[in-house]
Amino acid sequence: KGYTYAHYQGLLAMQEALGLTDDQIIIKTNVPEDSACDAAMLELIEAGCQIIFGNSYGYMNYMAEMAEEYPEVIFSHCSGYMSNDVNFNNYFGAIYQARYLSGIAAGMKTQTNKIGYVAAMQTPEVIGGFDAFALGVQSVNPDAVVYVKYTNSWYDPDGETAAANALIDLGCDVICQYVNTTGPQTAAQERGVWGLGSDYDMTEFAPDAHLFAACMNWGAIYTKLVSTIVNGEFHGGLIYGDVADGTLYLTPFSKNVADGTQEAVQAAMDKMVSGEWDVFQQDVYDVDGNLVPAATFTDDYLYSGMTDLLVKGVVAK
């Protein structure tokens, strides 16, 4: 009920919207980020698939090479930064926007001023996400510190739960996540702290802990991409949605949010939607106190170059 599940639900939404039959869609699951990815894609090509989606960061280089070898097939990769102008594109969303909004809720809820963040891998999307989250925290609570613990895996149920418990042991009383299972939220529930989920409304798994979750509307993305192919309008390149176009959204706020949270989050979201302001349209300071000017945060930097920036107030390991 996390990232992968959300993609699957998006696939089903696309299937319904476009009237595709079950035999028009083939799904490969548990595909490692190694040569097994090539094997899986070859099987899909041999089965007659005309478009192949890969929803994990580590598939990127394999898909880029396969796109060169099979120009008649369209390859669509999620969360990376590589593409061409013919048959290979990259799609994702400005996830840092939703993380910033989650940070506002965490900063308003914490009582210990220690907030935990369970992160998967050290990639730009993950790092940009928790940096934005920390900026959201600091916008309402400048005394709070965000502690990040990596699982070094996109899917590790035991490791994700263990990381959350380790953060709670440090005194963190709000646990956010960018990993694939509900483990961090159930840990928050069991330990009597608060939590912010990812990709799916996890309130049912942690009714006394969960505040809300930051999600992406994968159904809209998949429907749009397949429609462009059917209509002969596919052009490759990079596709990034945001809160303004509905790609990113927040699940309903639970009873656990602090008073005033909905108003504070909505105010920040309204500025993003209007184009008046965005998370990284500002100078920030890194953990060493160095100024990082707003001009640094180009799309290239946000989606491919942010590999080691920790903003002030973040402790990551």
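Structure's up top.
Note that the structure is a prediction, hence the values are computed from the model and not measured. All residue numbers here refer to positions counted from 1 along the written sequence of the relevant chain. Totals for whole chains, interfaces and linings use every residue, but because this is a predicted model, local features are given only for residues with pLDDT of at least 70 and side-chain atom pairs only at 80 or more, for both listing and counting. Think of the side-chain values as coming from all heavy atoms in the structure, minus any hydrogens and water.

Engineer: Explain unusual backbone geometry here, please?
Structural biologist: Residues other than glycine seldom take positive phi values, yet Ser79 does so here, at roughly 85 degrees. Secondary structure counts use DSSP, requiring at least four H or I residues in a row for a helix and at least two E residues in a row for a strand, with both numbered from the N terminus. Inspection of the secondary structure puts Ser79 in the loop between strand 2 (74–78) and strand 3 (88–93). Here Asn113, not a glycine, exhibits a phi torsion of approximately 60 degrees, which is positive. Looking at the secondary structure, you find Asn113 in the loop between helix 4 (95–109) and strand 4 (114–119). Using a 1.4 Å probe on the protein chains alone, a residue whose accessible area is under 20% of its type maximum counts as buried, one over 50% counts as exposed, and one in between counts as partly exposed. Judged by relative accessible area, which is 23%, Asn113 ranks as partly exposed.

Engineer: Mind showing me how you'd approach the nonpolar core here?
Structural biologist: We define the nonpolar core as a collection of buried residues of types Ala, Val, Leu, Ile, Met, Phe, Trp, Tyr and Cys that are connected through side-chain atoms lying within 4.5 Å of one another. Within the largest apolar cluster, 82 residues are counted, with the highest numbers of intra-cluster contacts made by Tyr100 and Trp218. Within the second largest apolar cluster, 17 residues are counted, among which are Val31, Cys37, Met41 and Phe75.

Engineer: Before we go on, may I ask you to explain the packing of helix 1 (residues 3–18) against helix 8 (residues 218–230) in this structure?
Structural biologist: Axis angle and axis distance: for two packed helices, these are the angle between their axes and the distance between the axes, and together they describe the pair. An axis is simply a line fitted to the C-alpha atoms; with a helix, the fit covers only the stretch in contact. Between two such axes, the angle follows the N-to-C directions and lies from 0 to 180 degrees. Closest axis-to-axis distance for the helix 1/helix 8 pair is 7 Å, and the angle between their directions is 50 degrees. Regarding the angle of helix 1 to helix 8, the classification is oblique. Here helix 1 and helix 8 pass one another in a crossing that is right-handed. Residues Tyr3, Ala6, His7, Gly10, Leu11, Ala13, Met14, Ala17 and Leu18 of helix 1 pack against Trp218, Gly219, Tyr222, Thr223, Val226 and Ser227 of helix 8. We call two directions roughly parallel when the angle between them is under 35 degrees, roughly antiparallel when it is over 145, roughly perpendicular when it lies between 65 and 115, and oblique otherwise. By convention the crossing between two helices is left-handed if the near helix lies anticlockwise of the far one by an angle smaller than a right angle, and right-handed if it lies clockwise. The contact definition used throughout considers only heavy atoms, calling two residues in contact when any of these lie within 4.5 Å.

Engineer: Just to check I follow, could you spell out the sheet that holds strand 1 (residues 51–54) for this structure?
Structural biologist: Sheet strands pair via backbone hydrogen bonds, and the direction of the pair is either parallel or antiparallel. Here the rule is simple: two strands pair whenever DSSP picks up at least two bridges between them. Taken in spatial order, the four strands of this open sheet run 1-2-3-9, and their pairing is parallel. Here the strands that pair on one side only, and so sit at the sheet edges, are strand 1 and strand 9 (237–241). Taking each pair of neighbouring strands and ignoring which way they run, the sheet shows an average axis angle of 20 degrees. Where strand 2 meets strand 3, four bridges bridge the pair, whose relative direction is parallel. Within the sheet, the bridge partner assigned to Cys78 lies in strand 3 and is Tyr91. On the sheet, helix 8 packs against strand 1, strand 2, strand 3 and strand 9 and is oriented at approximately 155 degrees with respect to strand 3.

Engineer: Help me out: how do you make sense of the sheet that holds strand 13 (residues 314–316) in this one?
Structural biologist: Strand order in this open sheet of seven strands is 10-8-7-6-4-5-13, and the pairing throughout is mixed. Two strands close off the open sheet at either side, each with one partner strand: strand 10 (248–250) and strand 13. Sheet twist, expressed as the average angle between the axes of neighbouring strands with direction ignored, equals 20 degrees.

Engineer: Looking at this structure, I do not really get helix 2 (residues 35–46). What am I missing?
Structural biologist: Every α-helix winds through 3.6 residues per turn, so residues three or four apart in the chain are directed the same way. An ideal rise of 1.5 Å per residue puts 16 Å on twelve residues; helix 2 measures up with 17 Å between its terminal C-alpha atoms. Listing the buried residues of helix 2 in full gives Cys37, Ala40, Met41, Leu44 and Ile45. Angularly, the buried residues of helix 2 cover 140 degrees about the axis, an arc narrow enough to put them on a single face. Set apart from the buried face of helix 2 by more than 90 degrees, the exposed residues are Ser35 and Glu46. Contact partners of the buried residues in helix 2: strand 1, helix 3 (60–69) and strand 2. Here a polar contact is taken to be a pair of N or O atoms separated by no more than 3.5 Å, where protein atoms must pair a possible hydrogen donor with a possible acceptor and residues adjacent in sequence count only if both atoms sit in side chains. N-cap assignment for helix 2: the residue whose side-chain oxygen lies 2.9 Å from the backbone N of Ala36 is Asp34. Positive backbone phi, approximately 95 degrees, marks Gly48, located one or two places after helix 2. By this rule, a helix spans an expected 1.5 Å times one less than how many residues it contains. For this quantity, the arc is that covered by the directions from the helix axis to the C-beta atoms.

Engineer: Sorry if this is basic, but what is going on with the packing of helix 6 (residues 157–169) against helix 7 (residues 183–191) here?
Structural biologist: Contact geometry of helix 6 with helix 7 gives a least axis separation of 8 Å together with a crossing angle of 40 degrees. Classified by the angle their axes make, helix 6 and helix 7 are oblique. Here the hand of the crossing between helix 6 and helix 7 comes out right-handed. Contact residues: helix 6 offers Glu160, Thr161, Ala164, Asn165, Ile168 and Asp169, while helix 7 offers Gly183, Pro184, Ala187, Ala188 and Arg191.

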